[in-house]
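Notes for the structure review
As a plain string of letters, each chain reads:
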Amino acid sequence: MPTLMDGKAVSAKVRQSVLLETERLRENGIVVGIAVIIVGENPASQIYVRNKHRACESCGIESFSYELPEETTEQELLELIEKLNYDDRVDGILVQLPLPKQIDEKKIILAIRTDKDVDAFHPENVGRIVSGDYRFLPCTPAGVMTILDEYGIDPEGKHAVVIGRSNIVGKPQALLLLHKNATVTVCHSKTADLAEITRRADILVSAVGKAKFVKANMVKPGAVVVDVGMNRDEKGKLCGDVDFDEVAPIAGFITPVPGGVGPMTIATLMQNTLTAAKLHKCK
Ligand code: NAP
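Anyway, here's the lowdown on the structure attached to this text.

**Some details on the sheet that holds strand 8 (residues 224–227)**
Within a sheet, each strand pairs with its neighbour through backbone hydrogen bonds, oriented either parallel or antiparallel. In space, the six strands of this open sheet follow the order 1-11-8-7-5-6, with parallel pairing throughout. This sheet does not close on itself; its edge strands, each paired only once, are strand 1 (3–4) and strand 6 (183–187). The pairing of strand 7 (residues 203–206) with strand 8 spans four bridges and is parallel. Paired with I203 across the strands is V224, a residue of strand 8.

Written as structure tokens, this is what we have:
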């Protein structure tokens, strides 16, 4: 059987190291803070936001919560962001996506001060990720890299295949692997003969969003399999992109869902918020 890569444990370790630093800063009168904005009543978003507040608490980060009604206008949200941009208590600003349809997400992302953009969605921070000159890390892909590192998996010289090319997962994941000297192939819905490509992966990262999409015949024996997917199976149970029961017996390393990449996303967000506080308050 493969080595199970325990994202929950790695995430706890990362959060503990953030806590140590926020406590040290607090001793010097510096409090790290994040504003978390949610618009509307999307149940999944509410769970994510609740988890983010809990994570902040466990990391010694003060979180300011803004729960806005579904009918909030774009102008109202922009005004709140402008206020938070100049609020010294707030090191990071996080706007939970998706937003209601009357609000243009791109405009909102552009309005967040780049040194408070802890999700790293602003084009300036995306550009920094492309060039390898990081300030903030892309949360989910960086969480994947932390797990690999924790389990002693060095991407250098390996063939890494990423399934998915979204701006928040697939593309930045490919870049982070490339920066670590992997040879990277990015696959998507128009890729011809996907299984033939994924079978050549030493490291396979799936970010597709389809339950049990990655089957045993798509995986090379001994490969490192990282499952970013968060889906519901036919019984409504949380599951990843990887058909775990089929793939686990042939993989070398594998992340479970839940308890794999999910907890790492929030851990990276905490690291980014700490980075932002240092930028603002430790000059
Ligand atoms: P997304 O924006 O929907 O992107 C999905 C990607 O999968 C697209 O690039 C799409 O290709 C590709 N794809 C779809 N069908 C495919 C097929 N049959 N063969 C090959 N590629 C295919 O999703 P996302 O935001 O990247 O999220 C992906 C998954 O990760 C979701 O389950 C999401 O819930 C999960 N997620 C988890 C975390 C976490 O913290 N664990 C964070 C973010 C996302 P095209 O570009 O050609 O359409």
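**Focus on the pairing of strand 6**
Where strand 5 (residues 159–163) and strand 6 come together, five bridges link them in parallel fashion. Within strand 6, the position partnered with V161 by the bridge is T185. Tracing the backbone out of strand 5, into helix 7 (residues 170–179) and back to the parallel element strand 6 gives a crossover that is right-handed.

**Structural notes on the site of the ligand**
Around the ligand, the surrounding shell holds 22 residues, and the nearest of these are R165, S166, S189, M230 and T265. Between an oxygen atom of the ligand and a side-chain N or O atom of S166, the distance comes to 2.5 Å. Within the backbone of V228, a nitrogen or oxygen atom sits 3.4 Å from an oxygen atom of the ligand. Contact with the protein chains removes 72% of the 930 Å² of surface that the ligand exposes when unbound.

**With respect to the sheet that holds strand 4 (residues 92–95)**
Read across the sheet, three strands follow the order 3-2-4 without closing on themselves; strand pairing throughout is parallel. For this open sheet the edge positions go to strand 3 (62–68) and strand 4, each flanked by a neighbour on one side alone. When the angles between neighbouring strand axes are averaged without regard to direction, this sheet yields 15 degrees. Looking at chain direction, strand 2 (residues 33–39) and strand 3 are connected through seven bridges and run parallel. Of the residues in strand 3, the one forming a bridge with V36 is S65. Where helix 2 (residues 43–58) meets the sheet, it contacts strand 2, strand 3 and strand 4, and its direction lies at approximately 170 degrees from that of strand 2.

**Digging into helix 7**
Listing the buried residues of helix 7 in full gives G170, P172, Q173, A174, L176 and L177. One or two positions beyond helix 7, positive phi appears at N181, with a value near 70 degrees.

**As for helix 2**
Along an α-helix, residues three or four positions apart point the same way, because every turn accommodates 3.6 residues. Between its first and last C-alpha, helix 2 extends 23 Å over 16 residues, near the 22 Å set by a 1.5 Å rise per residue. When helix 2 is considered as a whole, its buried residues turn out to be S45, V49, K52, H53, A55 and C56. Axial view of helix 2: buried residues confined to an arc of 160 degrees, hence all on one face. Exposed and oriented more than 90 degrees from the buried face of helix 2 are P43, R54 and E57. Close packing links the buried residues of helix 2 with helix 1 (7–27), strand 2, strand 3, strand 4 and helix 10 (261–281). The N-terminus of helix 2 is capped by N42, whose side-chain oxygen sits 3.0 Å from the backbone nitrogen of A44.

**Thoughts on the nonpolar core**
Counting residues in each nonpolar core, the largest one holds 49 residues, and the members touching the most others are I61, L148, L177, V226 and M270. Those residues in contact with L148, other than ones at most four positions away along the chain, are I153, L177, V224 and V226. Grouped together as the second largest cluster of nonpolar side chains are 18 residues, V214, M218, V242 and V247 included.

Definitions and cut-offs
- Residues numbered from 1 in each chain as written.
- Predicted model: local features only at pLDDT ≥ 70, side-chain atom pairs only at ≥ 80, totals over all residues.
- Heavy atoms only, no water.
- Pairing = 2+ DSSP bridges.
- Helix = DSSP H or I, 4+ residues; strand = E, 2+ residues; numbered from the N terminus.
- Right-handed = clockwise from strand over helix to strand, strands pointing away.
- Near = heavy atom within 4 Å.
- Polar contact = N/O pair within 3.5 Å; in protein donor to acceptor, adjacent residues only side chain to side chain.
- Areas by Shrake-Rupley, 256 points an atom, 1.4 Å probe, with all protein chains shown as cover.
- Axes fitted to C-alpha atoms, helices over the stretch in contact; angles between N-to-C directions.
- Contact = heavy atoms within 4.5 Å.
- Buried < 20%, exposed > 50% of the residue type's maximum accessible area, 1.4 Å probe, protein only.
- Expected span 1.5 Å × (residues − 1).
- Arc of directions from axis to C-beta.
- Core = buried A, V, L, I, M, F, W, Y, C linked by side-chain atoms within 4.5 Å.

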